[in-house]
Amino acid sequence: MGREHQPVPACTLCVLRHSHGTTPTAWIHRPWHRLICPRHQQAAPDPRLHTPLHVGVVPELIAAHQGHQRLKRHPRAVTAWTTAHAITTRWHDHQQHAAPRWHHRLHQLIAANPRLNQPGTASATLLARELVTYPETVTLALTLTALPRPTRPHEAHTTTHGAACDALALIANRLGLDTLTPTTGDPLTAYLTRTRP
């Protein structure tokens, strides 16, 4: 079972409220569309964390949560989310595209959650990766749902170079990047050159 299917700590303040103050700790199987508790500004992006992280110091995470809730209403939401998550995870791990932004966000999270840097735990980079990339993942997923779909059977095998360039320009614009030039092995390239479900 992958880590994304393992239970993670629930928001401590929500648990206290639901348990009438008897316990602050509970583990949940988080739905794909809910990374953050917007009311209490807590999130547990990784099952290796034993308590949620405080995320209020990074306002764009709360804004991303709102976009994530809009995304879940789209008929292709799960596919777009899964694809966007794979793409931003790859970019993060290869230090591509939004790396300076992600470094800054990680430092903000560490400052608010010093236990991220405690010895004996996984690296803060891994523990917070999903939060660090969250705004871009949501934006990318929303953008992928806006891309046109091929309508004729003969279009199912190829996407024109021009259409891929237009899509890259749109994605770069929405992500606030000057340009976006993915490498051959980039999952975004694979996505843009095949039929979208």
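Parameters at a glance
- Residues numbered from 1 in each chain as written.
- Predicted model: local features only at pLDDT ≥ 70, side-chain atom pairs only at ≥ 80, totals over all residues.
- Heavy atoms only, no water.
- Pairing = 2+ DSSP bridges.
- Helix = DSSP H or I, 4+ residues; strand = E, 2+ residues; numbered from the N terminus.
- Axes fitted to C-alpha atoms, helices over the stretch in contact; angles between N-to-C directions.
- Parallel < 35°, antiparallel > 145°, perpendicular 65-115°, else oblique.
- Left-handed = near helix turned anticlockwise from the far one by under 90°.
- Contact = heavy atoms within 4.5 Å.
- Nonpolar A, V, L, I, M, F, W, Y, C, P; charged D, E, K, R; others polar.
- Phe/Tyr/Trp six-rings, centres within 6.5 Å; stacked < 30°, edge-to-face > 60°.
- Buried < 20%, exposed > 50% of the residue type's maximum accessible area, 1.4 Å probe, protein only.
- Expected span 1.5 Å × (residues − 1).
- Arc of directions from axis to C-beta.

Caption draft 1: Spatial organisation of the sheet that holds strand 3 (residues 36–37). With respect to topology, 3 strands assemble into an open sheet ordered 3-4-5, the strand pairing being antiparallel. Lying at the two open borders of the sheet, with one neighbouring strand each, are strand 3 and strand 5 (53–54). Bridge analysis of strand 4 (residues 42–43) against strand 5 gives 2 bridges, and the strand direction is antiparallel. Across the sheet, the residue bridging to Gln 42 is His 54, located in strand 5.

Caption draft 2: Fine view of the packing of helix 2 (residues 59–71) against helix 7 (residues 134–146). Where helix 2 contacts helix 7, the axes come no closer than 8 Å and their chain directions differ by 30 degrees. Looking at the two axes, helix 2 sits roughly parallel to helix 7. For the crossing formed where helix 2 meets helix 7, the hand is left-handed. Residues Glu 60, Leu 61, Ala 64, His 65, Gly 67, His 68, Arg 70 and Leu 71 of helix 2 form the contact with helix 7, whose own contacting residues are Tyr 134, Pro 135, Val 138, Ala 141, Leu 142 and Thr 145. Among the residues making up the contact of helix 2 with helix 7, the classes are represented as 8 nonpolar, 4 polar and 2 charged.

Caption draft 3: Broad picture of the packing of aromatic side chains. Applying the stated criterion across every chain yields a total of 2 aromatic pairs. Relative to Trp 81, the ring of Trp 32 lies with its centre 6.4 Å away and its plane at 45 degrees, an arrangement referred to as tilted. With a gap of 49 residues between them, Trp 32 in the loop between strand 2 (27–28) and strand 3 and Trp 81 in helix 3 (residues 77–93) connect regions that are remote in the sequence. On the basis of relative accessible area, Trp 32 is assigned to the partly exposed category, the value being 30%. What makes Trp 81 buried here is its relative accessible area of 8%. Pairing Trp 81 with Tyr 134 gives two aromatic rings, centres 6.2 Å apart and planes at 75 degrees, and the pair type is edge-to-face. Of this pair, Trp 81 sits in helix 3 while Tyr 134 sits in helix 7, and the two are 53 residues apart along the sequence. Across the pair, Tyr 134 and Trp 81 agree in class, each one buried.

Caption draft 4: Helix 4 (residues 99–112), seen in detail. Helix length check: helix 4 (14 residues) gives 20 Å between terminal C-alpha atoms against 20 Å at 1.5 Å per residue, within 8%. Buried within helix 4 are the following residues: Ala 99, Trp 102, Arg 105, Leu 106, Leu 109 and Ile 110. Looking down the long axis of helix 4, one finds its buried residues gathered within 140 degrees of arc, a one-sided arrangement. Summarising the geometry of helix 4, the exposed residues directed more than 90 degrees from the buried face are Pro 100, His 107 and Ala 111. Looking at the buried side of helix 4, the elements it contacts are strand 5, helix 2, helix 3, helix 5 (124–127), helix 6 (129–132) and helix 7.

Everything listed is a geometric property; what it means functionally is a separate question.
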